[in-house]
Amino acid sequence: MRKHLSARRRTLLKLTAATVLAPAVVRAQGAAKVVVVGGGFGGAACARALKTMAPAIGVTLVEPNKTYTACPFSNEVIAGLRDIKQQEFSYEAIARAGVAVAPLSATAVDANAKTVTLSDGSKLPYDRLVIAPGIDLDWKALPGYDEAAAEKMPHAWKAGPQTVLLRRQLEAMEDGGVVVISVPAAPYRCPPAPYERASQIAWYLKAKKPRSKVLLLDSKDSFSQQRLFQAAWTKLYPDMIEWVPLSQGGNVTSVDPATRTFNTDFDKHKADVGNVVPPQKAAAIAQTAGVADRTGWCPVSPIAFESTLQPGIHVLGDAALMGAMPKAAFSANAQGKACAAAIVDLLAGRTPAEPRLVSACYNLAAPDYGFSIVGVYRPEKGQLLEVPGAGGTSPVDGDSALRAKEARYAEAGFRVLTAETFG
Amino acid sequence: MRHWPRGVLAAALASLFVLANAADAAEPPPGASSCSGCHGTVPNGTPIPVLRGRPALEIAGLMREFRSGAKPATVMGSIAKGFSDREIDSISQWVVGQSQ
């Protein structure tokens, strides 16, 4: 017992020493440098949170675009409910917060020398690197679908000109036309987004071109919030949206952009407007930096989102394999802030606390018809898993007052999330 | 020589951890940084309430009511079920004081 007690005293002494020494260590990190590659919901939130939590850390955000065009709510641009300008956010507030914004691309990473090479040839040294580059569309994964094809059959899976192109094609379509949306196998950015998009397009068609149809060709047999979406379709758009799952021949094997045709195993579907959501992978810089594995995505530890392939490099957001956590803006933002806290700890020589993360995602089946899915996640068996008993979706039998309320919350959530990240 | 009950030891260690964390006030307790994804820090006319500046006990009480289902909610019940009493208390204390 004596031995036990003295061991305990040693622990207490160590902890006390750590507490007393902490301010000195925090000061010593003054020279620490963190480079964040990618100014989306994950990277921008991480850069900003680092500067807020530890102003002495030198933080550089590497982002070639002057403005960020947000994907959440971009389906409303496609439906004609919003202007693309409402999706655009600048990096000015982030710069004002003390983050050095480098308006360049990252072209290479040397994990041994701990430097990032930028598109002008300069090199940025770092103590910790955060890679949050989002996705690249995999132009080799679907025969017939390349960058030229995307001008005929838009993906609109990165908000911007592609979103506007899909909107224009819908506006130009005759009443009675068929809109075809193809959905890839998981994982891809924002799991429920193809179904929200089908709903939003149906909302526009019902009002303006009511004889038209939306056909969803799916590489899966089930999808996120399926019962909620299907209940919404039955109520709002009866007979307008048809979903063809994998087991009923929904898997698209190739496309022909010249005729806007989707080829499945047994069938051909000619579209008046064709929206291809192509297979995806972590963006190129993740592959170049050696943090992506053979799946095309980036495996990370669930504590500080540090790459399991390259120590000292953290990967956030859609590019990373985050266990059960969905690839979505809210998730990336939560990961960015948790990663910042972990990096502050690591630079101060402390062990980061286990993160607890929340994801909250709203879908709008119509402007006044919203529903949600939330999850709470923690590290478990080397990955982020859902905390049992927590999380869930809106009730399938919710009334129209509840749907209207959640639609208002969706809009409010978007305003707060974008203000918190960029505003 | 008496045995130290496990709980006493845990409580002693826990309070030390709390002290250690208090030295780094800007760092949120696990889970707390997710709140600001929906809850803004200034009123902006949205229906999602601002938490900053409210009494921590009020927020902690609401979280417990959401968790038990005593207070109906859209998403807060599902979120609150992912947190223990202690976690709810630390998160509540942090979110009411945060500046960002």
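For the structure given in this document, a descriptive report is provided here. Predicted model only: the values in this text are computed from it and were never measured. (Residues numbered from 1 in each chain as written. Chains lettered and ligands numbered in written order. Predicted model: local features only at pLDDT ≥ 70, side-chain atom pairs only at ≥ 80, totals over all residues.)

### Things to note about the packing of helix α2 (residues 56-68) of chain B against helix α4 (residues 85-97) of chain B
Residues and elements named next belong to chain B.
Here comes step 1: At a minimum axis distance of 8 Å, the contact between α2 and α4 shows a crossing angle of 135 degrees. Classified by the angle their axes make, α2 and α4 are oblique. Viewed along their axes, α2 and α4 form a crossing whose handedness is right-handed. Of the residues in α4, those touching α2 at Ala56, Ile59, Ala60, Met63 and Arg64 are Ile88, Asp89, Ser92, Gln93, Val95 and Val96. (Axes fitted to C-alpha atoms, helices over the stretch in contact; angles between N-to-C directions. Helix = DSSP H or I, 4+ residues; strand = E, 2+ residues; numbered from the N terminus. Parallel < 35°, antiparallel > 145°, perpendicular 65-115°, else oblique. Left-handed = near helix turned anticlockwise from the far one by under 90°. Contact = placed C-beta atoms within 7 Å.)

### Comments concerning the sheet that holds strand β14 (residues 252-256) of chain A
Residues and elements named next belong to chain A.
Here comes step 1: Pairing within the open sheet is antiparallel, and its 3 strands lie in the order β14-β15-β16. Looking along the sheet, the strands with just one partner apiece sit at the ends: β14 and β16 (268-270). Each neighbouring strand pair of the sheet contributes to a mean axis angle of 20 degrees, computed without reference to strand direction.
Here comes step 2: The pairing of β14 with strand β15 (residues 261-264) spans 4 bridges and is classified as antiparallel. By the bridge assignment for β15, Asp256 is matched with Thr261. (Pairing = 2+ DSSP bridges.)

### Things to note about the pairing of strand β23 (residues 369-380) of chain A
All names here are of chain A.
Here comes step 1: The element β23 is largely enclosed, with a buried count of 9 among its 12 residues.
Here comes step 2: Across 9 bridges, the pairing between strand β22 (residues 357-366) and β23 is antiparallel. Bridge pairing links Ala360 to Val374 in β23.
Here comes step 3: Linking β22 back to β23 in an antiparallel pair, the connection comprises 2 residues.
Here comes step 4: Taken together, the 4 bridges between β23 and strand β24 (residues 383-386) define a ladder with antiparallel strand orientation. For Glu380, the partnering residue across the bridge sits in β24 and is Gln383.
Here comes step 5: Joining the antiparallel neighbours β23 and β24 is a turn of 2 residues, in which Lys381 adopts a positive phi near 50 degrees. (Buried ≥ 20, exposed ≤ 12 C-beta atoms within 10 Å, placed from the backbone.)

This is a description of form; function is not addressed.
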